[in-house]
Amino acid sequence: MKSFTSRRARAALVAIAAGSLALTGCSENTGDTGKDKSEKQEKAKEQQEGVAYLDAKASTGPAEKVPGAKPGGTITVYQESGLSHMDPGQIYVSDAGQFANLVFRGLTNFEEDGKGGVAVVGDLATDSGKASDDNKTWTYTLKDGIKDENGNEITSADIRHTVERLYAEFIFDGPTYLQNWLSGADYRKALPDGGFGKKHLPDSVLETPDDKTVIFHFDTPRPDLPMTLAMPGYSVVPEETDTKAKYDTAPVSLGPYKIAEFKAGKTLKLVKNENWDPNTDSVRHQYVDGFNFQFGITESSQTKRLIASNGDSANAIQFTGSVDATQIQDVIGDPKVESRTIKGYQPYVMQLTFNLDRVKNKAVRDAVTYAVNSKSLIAGEGGAYGGDVAPNLFAPTLPGYDATYDPYGRLKMPAGNIEKAKELLADVPASEKKLVFAYANSEAGQKRKVAIEDALGKVGIDVVSKEIDAASYYEQIGKLANPYDMYITGWGQDWPSAATVITPIYDGDQVADGASNYAHINDPKVQGLITKALTEQPEQAAKTWEEAHKYILEEVNPAAPLWYTKQLQLFGSNIGGARYSTESSYMDVTRLFLKS
């Protein structure tokens, strides 16, 4: 899961021993008045529990009522950059994932208890899925009465279409787990036209025996499928209304809200989807009449407006933005304002990723890794409220996380080991010490640019900074032929397994345009360890993933670990129902209402 800048637990069918998708037990503000009320890594231990797969009873709507909720009114949404995508198949960045929570639905979804616990329920399906043949076969039955915004009933043909369209060339920026599992790493060759022609996936792979039944057939056990299908990138696209590449600007809703108006990079207006039936949805609510998105509002402006909470700002929220770092003390220092925040750990590891096609000298990569100043970068994110120093490439949210694994001494010298970096660069030609750094044209991106230039300049590296539009940042650095040597990326597990970290971003099969292997690492030993881990039982697989992690960081070094992210978001005084979402690592937008 890319960083943009991720209940009623009745009758569990399956429990996977793993950690939660994010790392906080914090929901509503507690009103603590201590000096440092930021989240601590000890929260991780509270969250490393099983993810339950729930039955039909737990998957039946309506969702449990939010205490004090009232209907009516419109919420204003502040967002600095435009949405990266609105086509479900392209959604793999957190801003679009938040948007998906309001507009789209998939076969399954995550349900939260507000205390950090996460379960999987059936969304369009009657339950979280029925496994057979040692988890190689998964069967889903669609609920009755599910319609899109046009009133068309969703059938198994729409599910088939949703899966098959992911094979098309115009889908390039979303998750690829399901496609790979069904058809292998070269899945596009199995269905080049994405099912828009006469050819379809065979029943031996994807079977739809009737309008209500969908059966997935895999050649190896896939016990994580219910969590995979809950990703926004696998939300359903009705076949009748699919406009291929144009769908990204005018998608059709199955969720509680639909698009009424969209001006790219400026505004987005969501209104109620009258064809959404709350009795079929155990997760979402439809309390407010709609959401008005205002793009281009910087985090500093968002924070100022929400601190004041006057007029329309009283009805406003931050979407994927956070409290501006320079105004954090203004927020936490005022109990009334601080009570209007949500806090929590995110699952992201922010790292300075090297383009291995361009930065081929490991001595240079190692020198940069020693030189970067995590302390300065975290200060720009809000200090203790923005993040913690990352000593390695695994997040504290992963099961079995080792906080002591620190091969580059990041914890001992978070401001950088200048002498070690200079030592490594002593014999490096000047031409190799000139590096092109790509950064997003946002307030956060500007701060990161300054910190990187300052730290690397101290060891003799000439940093040439290139600005990228924040809304298309991951799309631009995701091009194989991109003209950049390094860029800051953030990745969090898609569900609680190291497999969803190493496979997406360090697997050589993911070296492709639009894929998430931003370093272009393609190492035979890494490939062998990935193959090995994917065939092992969880306990042994965890050891193999850790072996791969250490080899990647020490022997290859495709990315310098920088910091683990935390969330601190602010909302207006008239907003009700706000709490931290463990699944999204942002405010849970599915339960918001206006108090008056």
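Just so it is clear, the structure is predicted and the values come from calculations on it, not from any experiment.

Participant: I would appreciate a short explanation of the nonpolar core in the present structure.
Facilitator: Proteins that are soluble and globular tend to have nonpolar side chains buried together. Residues Phe216 and Leu352 are the most contacted members of the largest nonpolar core, which totals 118 residues. When residues of this core are assigned to their parent elements, the largest contribution, seven residues, is made by helix 17 (residues 538-556). Aside from chain neighbours lying at most four places away, what touches Phe216 is Leu107, Lys136, Thr137, Trp138, Tyr140, Val163, Leu178, Leu182, Val205, Leu206, Leu225 and Leu229. The next biggest cluster of nonpolar side chains, apart from the first, holds 30 residues, and it includes Met86, Phe319, Tyr580 and Leu594.

Participant: It is not clear to me how the pattern of salt bridges should be interpreted in this structure. Could you clarify?
Facilitator: Should their charged atoms come close, side chains of opposite charge can pair. Here the structure, examined in full by the defined rule, presents 23 salt bridges. Where Asp127 meets Lys130, a salt bridge forms, and the shortest distance between an N and an O atom there is 2.3 Å. In this structure, the salt-bridge partner of Asp324 is Lys447, at a minimum N-O distance of 3.5 Å. Taken together, the residues Asp324 in the loop between strand 13 (316-318) and helix 8 (328-332) and Lys447 in helix 13 (residues 443-457) connect sequence positions 123 residues apart. The partly exposed category is assigned to Lys447, whose relative accessible area is 31%. Here the salt bridges do not stand alone but share partners, grouping Arg105, Asp123, Asp281 and Arg284 into one network.

Participant: Explain helix 2 (residues 94-103) here, please?
Facilitator: Every α-helix winds through 3.6 residues per turn, so residues three or four apart in the chain are directed the same way. Summarising burial for helix 2: 10 of the 10 residues are buried, a large majority. Within helix 2, burial applies to Ser94, Asp95, Ala96, Gly97, Gln98, Phe99, Ala100, Asn101, Leu102 and Val103. Looking at the buried residues of helix 2, the elements they touch are strand 3 (74-79), strand 10 (257-263), strand 11 (267-272), strand 12 (290-295) and strand 14 (341-354).

Participant: Hey, could you run me through the sheet that holds strand 3 in this one?
Facilitator: Backbone-to-backbone hydrogen bonds pair the strands of a sheet. The strands run either parallel or antiparallel. Spatially, the five strands line up as an open sheet ordered 10-11-12-3-13, and their pairing is mixed. What marks the edges here is a single partner per strand, and that holds for strand 10 and strand 13. Across this sheet, the average inter-strand angle for adjacent strands is 20°, counted without regard to direction. Across five bridges, strand 11 lies against strand 12 in antiparallel orientation. In the strand pairing of strand 12, Lys269 is matched with Asn292. Across the sheet, helix 2 touches strand 3, strand 10, strand 11 and strand 12, and the angle it forms with strand 11 is around 25°. Relative to strand 13, helix 7 (residues 299-308) is tilted by about 140°, and along the sheet it contacts strand 3, strand 12 and strand 13.

Participant: Quick question: what am I supposed to make of the sheet that holds strand 8 (residues 206-210) here?
Facilitator: Spatial ordering of the open sheet is given by 6-7-9-8, a layout of four strands whose pairing is antiparallel. The open sheet has two edge strands with one neighbour each: strand 6 (130-132) and strand 8. Across this sheet, the average inter-strand angle for adjacent strands is 20°, counted without regard to direction. In terms of strand pairing, strand 7 (residues 137-141) meets strand 9 (residues 213-217) through five bridges, oriented antiparallel. From the neighbouring strand, Tyr140 faces strand 9, where its bridge partner is Val214.

Participant: Any chance you could explain the confidence of the model for the protein here in plain terms?
Facilitator: Regions with low pLDDT carry predicted coordinates that are not meant to be interpreted in detail. For the protein, per-residue confidence averages 91 on the pLDDT scale, and 92% of positions sit at 70 or higher. Across residues 5-35, confidence stays below pLDDT 50; counting only partners more than four residues off in sequence or on other chains, it has 126 contacts. Contacts for the low-pLDDT stretch residues 44-48, under 50 throughout, to residues beyond four places or in other chains number 18 contacts.

Participant: Is there a simple way to think about the packing of helix 11 (residues 374-381) against helix 13 in this case?
Facilitator: Relative placement of two packed helices is described by the angle separating their axes and the distance separating the axes. Where helix 11 contacts helix 13, the two axes come as close as 9 Å, and the packing angle between them is 165°. Put simply, helix 11 runs roughly antiparallel to helix 13. As helix 11 runs across helix 13, the sense of the crossing is right-handed. Only Lys447, Arg448, Ala451 and Ile452 of helix 13 make contact with helix 11, whose side of the interface consists of Ser376, Leu377, Gly380 and Glu381. Its residues assigned to classes, the contact of helix 11 with helix 13 shows three nonpolar, two polar and three charged.

Definitions and cut-offs
- Residues numbered from 1 in each chain as written.
- Predicted model: local features only at pLDDT ≥ 70, side-chain atom pairs only at ≥ 80, totals over all residues.
- Heavy atoms only, no water.
- Core = buried A, V, L, I, M, F, W, Y, C linked by side-chain atoms within 4.5 Å.
- Buried < 20%, exposed > 50% of the residue type's maximum accessible area, 1.4 Å probe, protein only.
- Helix = DSSP H or I, 4+ residues; strand = E, 2+ residues; numbered from the N terminus.
- Contact = heavy atoms within 4.5 Å.
- Salt bridge = Lys/Arg side-chain N within 4 Å of Asp/Glu carboxyl O.
- Pairing = 2+ DSSP bridges.
- Axes fitted to C-alpha atoms, helices over the stretch in contact; angles between N-to-C directions.
- pLDDT = per-residue confidence, 0-100.
- Parallel < 35°, antiparallel > 145°, perpendicular 65-115°, else oblique.
- Left-handed = near helix turned anticlockwise from the far one by under 90°.
- Nonpolar A, V, L, I, M, F, W, Y, C, P; charged D, E, K, R; others polar.

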